[in-house]
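Coordinate analysis (summary)
Here are the chains, one letter per residue:
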Amino acid sequence: MTSIDASSTPSDGRSALRANCGDCFALCCTAFGFQRSIDFPIDKPAGTPCRNLADDFSCTIHESLRPRGFRGCTVFDCFGAGQLVSRELFGGTSWRERPDTSAEMFATFSVVRQLQEMRWYLVEAAERTAASDLTANISRIRAGIQRILDGGTSEILACDVESLRADVRHLLIDVSEEARGGYLAGVERDDDLHPAADLAGHDLRARRLCGADLRGAVLIGADLRGADLAGVDLLGADLRGARLDGADLSDALFLTQMQLNAARGDAAALLPTALDRPGHWTTASRASSPTDGELSP
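First, a word on what this report is: a plain description of the structure on this page. Predicted, not measured: the structure shown is a model, and the values here were computed from it.

**What about the packing of helix H4 (residues 132–150) against helix H6 (residues 161–180)?**
When two helices pack together, their arrangement is captured by the angle between the axes and the distance separating the axes. One can describe the packing of H4 onto H6 by two numbers: an axis separation of 11 Å at closest approach and a directional angle of 150 degrees. Classified by the interaxial angle, the pair formed by H4 and H6 is roughly antiparallel. Helix-helix and strand crossings are classified by hand; for H4 and H6 the assignment is left-handed. Facing Leu134, Asn137, Ile138, Ile141, Ile145 and Ile148 of H4, the residues of H6 in contact are Leu164, Asp167, Val168, Leu171, Asp174, Val175 and Glu178.

Here it is, written out as C-alpha cells:
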C-alpha cells in the first residue's frame, strides 16, 4: 500500500479533515457495525456492507435516513479519513475490486478516523493558545501524527492510539484552561456545571454559561435555547436531542459537526465558522423569546 504524500494533506487548517464521500469506498457504511437501537432500525455486523449501499458506494436512502430510522448515519463524521484511506493509502482500489484487502482497509480506516479527529481538535488548539510551551507541544503531537500517516498502513496499524489519545486529551485540557480563563470573571458559577456533569433534560435556557467546563457532560435533551456558550468546553459532550435554538456557540471550545448534527437548532443559532448548520435544523429563526411557551419541546 502507498503512504500519504504530506503535500496532499496539509498539516495546517481543516481542508484535509472534512469528509468527501464521493472519494470514499463507503468505509463508514462497511467497516463499522451497529445494533438495532434508537439510532438504527437494523443490526449490521462490522465488516459487511449496509443493505442500503449501492454499487457505486452511494447510499440509496441518503435523503431519507432520519425518517427511516438511520439517525446514527446522519451524525457520523470521519474527519476525512474515508477519502484518505480509499484514495491515498489504498491507491483508489476498492475492497470490492480487491476483497483480499478489505480487512486491512477497514482496520486502517478505524485507526485513521481516530487520528483525523485528533488532528481536528489540535488545529483548534493551535488557533486558541498563546502560550509558547503549549504551542510547542501541539506542534510536536501534530507532527507525530503526520509521521504515522506518512508511514503507511503498517505504521498506522502499529501505532498506540490510546496513548496518543491520552497525550492529546491532557494537552486539550491545558488549552481549555487557558482559553476559558478570560470568560470566568463576573460569570455566575453553578456547581452543576462541571466536566462529565449529568445535565440530561436540564433547563438551561437563556443562561450565560461562558467559560464553563462541560467536557464530557451529558446534555441529552437539555434545553439550551438562547444560551450563551462562549468559551464553554464541549469536548466530548453528548448533545443528542439538545435544543440549541438561538444559542450562541460561535466561540464554544472543541465543538464538532457530529455534536451539532445530533442536536436540534434553528437559523438563529450562532455557530463556529468551521462548522455547518445541520440540514434538519429549522430554517426560520425563532421570533419569540426562548422562554415563551410556544418554544417548549
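Right, picking up where we left off after that structure.
**Notes on a negative patch on the surface**
Taken together, the side chains of Asp133, Asp174, Glu177 and Glu178 define an acidic patch exposed on the protein surface. A per-element tally of the negative patch places H6 first, with three residues. One can find aspartate 133 in helix H4.

**So, H6**
The end-to-end C-alpha distance of H6, which contains 20 residues, comes to 28 Å, matching closely the 28 Å that a straight helix rising 1.5 Å per residue would cover. Turning to H6, its buried residues number three or more, namely Val161, Leu164, Ala166, Val168, Leu171, Leu172, Val175, Ser176, Ala179 and Arg180. Along its buried surface, H6 packs onto helix H3 (102–128) and H4.

**Details of the side chain of arginine 225**
On the secondary structure map, arginine 225 appears in the loop between H6 and helix H7 (257–262). On the basis of relative accessibility, which here comes to 0%, the residue arginine 225 falls in the buried class. Among the polar contacts made by the side chain of arginine 225, one reaches the side chain of aspartate 223 at a distance of 2.3 Å.

**With respect to the nonpolar core**
Leu27, Leu214, Leu219, Leu234 and Leu249 are the most contacted members of the largest nonpolar core, which totals 78 residues. Elements represented by at least two residues in this core include exactly helix H2 (81–89), H3, H4, H6 and H7. The biggest single contributor to this core is H3, with 12 residues. Beyond its immediate sequence surroundings of up to four residues, leucine 234 is in contact with Leu214, Leu219, Leu249, Ala252, Leu253, Phe254, Leu255 and Gln259. Within the second largest apolar cluster, six residues are counted, among which are Phe40, Ile42, Leu65 and Phe70.

**Some remarks on the environment of glycine 92**
Structurally, glycine 92 is set in the loop between H2 and H3. Glycine 92 sits 68 residues away from cysteine 24 along the chain, and the two C-alpha atoms are 8.7 Å apart. With residues up to four places along the chain from it excluded, the contact list for glycine 92 reads Phe25, Ser86, Arg87 and Glu97.

**Focus: H2**
Where burial is concerned, most of H2 is hidden: seven out of the nine residues are buried. If you check which residues of H2 are buried, you get Ala81, Gly82, Gln83, Leu84, Val85, Ser86 and Leu89. Once H2 finishes, glycine 91 follows within two positions and takes phi at roughly 60 degrees, a positive value.

Conventions used here
Every chain's residues receive numbers from 1 upward, in the order its sequence appears when written. Confidence filtering applies because this is a predicted model: local features only for residues at pLDDT of at least 70, side-chain atom pairs given and counted only at 80 or more, and all residues used for totals across whole chains, interfaces and linings. To get the side-chain values, all heavy atoms of the structure are used, and hydrogens and water are removed first. Fitting a line to C-alpha atoms yields each axis, with helices limited to the stretch in contact; the angle taken between N-to-C directions then spans 0 to 180 degrees. Each helix is a run of DSSP H or I of at least 4 residues and each strand a run of E of at least 2, with the numbering of both proceeding from the N terminus. In these notes the angle categories are as follows: under 35 degrees is roughly parallel, over 145 is roughly antiparallel, 65 to 115 is roughly perpendicular, and the rest is oblique. By the definition used in this description, the sense in which the near helix is turned from the far one sets the handedness, with an anticlockwise turn below a right angle giving left-handed and a clockwise turn giving right-handed. Here a residue-residue contact requires only that any non-hydrogen atoms of the pair lie within 4.5 Å. Any residue with relative accessible area above 30% and no salt bridge may belong to a patch, with like charges joined within 9 Å and the nonpolar Val, Leu, Ile, Met, Phe, Trp and Tyr side chains within 5 Å. The protein chains shown are the only cover counted for residues, whose accessible areas, like all others here, come from Shrake-Rupley with a 1.4 Å probe. Salt bridge, as used here: a side-chain nitrogen of Lys or Arg that lies within 4 Å of a carboxyl oxygen of Asp or Glu. In this tally, Asp and Glu contribute negative charge and Lys and Arg positive charge; neither His nor the terminal groups of the chain are included. Each charge is placed at NZ for Lys, CZ for Arg, CG for Asp and CD for Glu. Each residue after the first adds 1.5 Å to the expected span of a helix. Three exposure classes are used, based on accessible area relative to the maximum for each residue type with a 1.4 Å probe and protein chains only: buried under 20%, partly exposed in between, and exposed over 50%. Identification of polar contacts relies on pairs of N or O atoms within 3.5 Å, with a donor-acceptor requirement for protein atoms, meaning one able to donate a hydrogen and the other able to accept it, and with residues adjacent in sequence counted only if both atoms are side-chain atoms. To form a nonpolar core, buried Ala, Val, Leu, Ile, Met, Phe, Trp, Tyr and Cys residues must be joined to one another through side-chain atoms within 4.5 Å.

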